[in-house]
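Architecture at a glance
If you want the building blocks of each chain, they are given just below.
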Amino acid sequence: MRSSQETGMTRMIATAAALAMAMIAPAQAATVYNTLSGEAPLVIAHRGASGHLPEHTLAAYELAIKMGAQVVEPDLQLTADGVLVAIHDATLTRTTNVAELFEPRNGGYLVSDFTLAEIKTLTALPTRTASTSYPDYTPSMADPFKVPTFQEVMDLVNAHNAATGAQIGIYPESKVPNNPVMNVQIVNEMKANGFDGSAPNSFLQTFSHEGARHLSELQAALGMTNGVAALGYVIKTDDVYGVYDATTAAISSLDELAGFVTGLGVNLGYDLDAGFIAAAHALGLVVHGWTFRPTTLEAAEAQFLPWIAAGMDGFFTDYPDLAVAVLDGLSPAPVPLPAGLPLLAAGVGALVLVRRRR
Ligand code: G3P
Ligand code: CA
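Let me sum up the structure you'll find in this document. (Residues numbered from 1 in each chain as written. Chains lettered and ligands numbered in written order. Predicted model: local features only at pLDDT ≥ 70, side-chain atom pairs only at ≥ 80, totals over all residues. Heavy atoms only, no water.)

1. So, unusual backbone geometry
Put simply, the rule reads: Put simply, DSSP marks the helices as runs of H or I at least four residues long and the strands as runs of E at least two long, and each gets a number from the N terminus on. Only protein chains enter the accessibility calculation, which uses a 1.4 Å probe; a residue whose area is less than 20% of its type maximum is buried, one above 50% is exposed, and one in between is partly exposed.
The omega torsion of the bond from Trp290 to Thr291 falls at -5°, within 30 degrees of zero and hence cis. With respect to the helices and strands, the residue Thr291 is situated in strand β12 (residues 286–292). Positive phi outside glycine occurs at Asp136, with the angle close to 60°. According to the relative accessible area criterion, Asp136 is exposed, its value standing at 86%. At Asn201, a position not held by glycine, the phi torsion is positive, near 85°.

2. Some remarks on the packing of helix α6 (residues 180–192) against helix α7 (residues 209–221)
The cut-off we apply is this: Only the stretch in contact is used when fitting a helix axis, every axis being a line fitted to C-alpha atoms; angles between N-to-C directions are given from 0 to 180 degrees. Each angle receives one of four descriptions, namely roughly parallel if under 35 degrees, roughly antiparallel if over 145, roughly perpendicular if within 65 to 115, and oblique otherwise. Here is the rule for handedness: rotate from the far helix to the near one, and if that takes an anticlockwise turn smaller than a right angle the crossing is left-handed, while a clockwise turn gives right-handed. A contact between two residues is defined here by any heavy atoms of the two lying within 4.5 Å. Note on residue categories: nonpolar means Ala, Val, Leu, Ile, Met, Phe, Trp, Tyr, Cys or Pro, charged means Asp, Glu, Lys or Arg, and polar means any other residue, Gly included.
Across the interface, α6 lies against α7 with an axial gap of 10 Å and an inter-helix angle of 40°. With respect to their mutual orientation, α6 and α7 come out oblique. The element α6 and its partner α7 pack so that their crossing is right-handed. Contacts between α6 and α7 involve Pro180, Asn183, Val184 and Val187 from the former and Gly211, His214, Leu215, Leu218 and Gln219 from the latter. Within the contact of α6 with α7, the residues separate by chemical class into five nonpolar, four polar and no charged.

3. Side note on the coordination of the calcium ion (ligand 2)
Our working rule: Sites may look incomplete, because water is not among the atoms used; the donor set itself consists of N, O and S atoms within 2.8 Å of the metal (3.2 Å for Na, K and Ca). In these descriptions, tetrahedral denotes four donors with every angle between 85 and 135 degrees, square planar four donors and octahedral six donors with opposite donors over 155 degrees apart and the rest between 65 and 115, and irregular any other case.
Looking at the metal site, the calcium ion (ligand 2) is ligated by Glu73 (OE), Asp75 (OD) and Glu173 (OE), spaced 2.1 to 2.3 Å from it. For the calcium ion (ligand 2), the six donor atoms are set out with angles of 59 to 157° between them, so the coordination reads as irregular. Judged by relative accessible area, Asp75 falls into the buried class, the value being 1%. By relative accessible area, Glu173 is classed as buried at 3%.

4. Some words on the site of ligand 1
So the rule is basically this: For this description, a residue counts as near a given molecule or strand if any of its non-hydrogen atoms is within 4 Å of it. The definition of a polar contact used here is a pair of N or O atoms within 3.5 Å, where within protein one atom must be able to donate a hydrogen and the other to accept one, and adjacent residues in sequence count solely through side-chain atom pairs. To be clear on the numbers: accessible area is Shrake-Rupley with a 1.4 Å probe, and residue cover counts the displayed protein chains and nothing else.
As a matter of local geometry, ligand 1 sits amid His46, Arg47, Glu73, Asp75, His88, Glu173, Lys175, Gln205, Phe207, Leu231, Trp290 and Phe316. Between Lys175 and ligand 1, the recorded distance is 2.7 Å, taken from a side-chain N or O atom to an oxygen atom. Look at ligand 1: alone it shows 280 Å² of surface, and the protein chains cover 91% of it.

5. Here we look at α6
Here is the rule we go by: For a helix, the expected span equals 1.5 Å multiplied by the residue count minus one.
Taking 1.5 Å of rise per residue, 13 residues should cover 18 Å, and α6 covers 18 Å from first to last C-alpha, within 8% of that figure. Listed as buried for α6 are Met182, Asn183, Gln185, Ile186, Val187, Glu189 and Met190. By the N-cap criterion, in which a side-chain oxygen at the helix start approaches the backbone nitrogen of a residue two or three places on, α6 is capped by Asn179, the distance to Val181 being 3.0 Å. Taken from the residues just after α6, Gly194 is the one with a positive phi, measuring 85°.

Written as structure tokens, this is what we have:
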């Protein structure tokens, strides 16, 4: 005859064992990703969380990381005194208050005509849907809306990774097509700051396919293994896919690109489809699409889900929060086997012991 205490304990242990079984069993509804790695697509914060805060500012990058982006994307230009700064345009006009503070130089406001000290006097302005604040977010830095140097972007990411154990990556783009000096500087600075490919999620990118080849060569010479993506527009001619290089007006074949890059960063329009992604995957190339700009969860689902099904490997998005929400909605993360196994063993072991004592 079993005591009520024993019965209760047996039930408790059996429940624990069942729970542990459920925890280590593959989730029935777990999403199967058709990405090259089989993992969920990367959420790449396009110019930071630029749908919310001024693009290419430390605050926009920091917010993106807090929202769950795995990668932040700084576009890079060179100042007059040779410093890499994170800014999209060749000029300071659209994204800063330069016209209020300086007279034009050489007829305009080229980044390359201003020193870093001058650029640091500017304030970055919100564009599109962005503003200068975000609910429940206070920037950790004193000057959140300045034009940051590449070094400052890497410092921010490295500090976050060191503090949390995360592996947030960077995805710098040389905005000056195939500039050898700039390419060397970008690669050297990445290596000096530990972005050498030893951790996942960092890439280099450029619209110039010859520039991408140069970046790959520079990395190889330094023993670096970050991904390198050639950017462009998908063009299908006679059923064969290619990527249009807007800097030369040439179309590179996927076979050719696979000889020197590891990925393709492509516009969401033109001839991009699931067939292109499959063709790229067949050559071992990942595909990252740009630019996802949904402003509601409903719009995000409509935009992201077809590309998730097609196996796209990463999303450049101004709204990393919405990309994360769509991915989080697909499947609960199964408890990793190593965490579930001891629980199961303990539960089953205890159950056996109790039964033997009867
Ligand atoms: O680098 C990928 C995507 O950002 C390209 O577009 O003009 O925003 O740099 P853009
Ligand atoms: Ca870019």
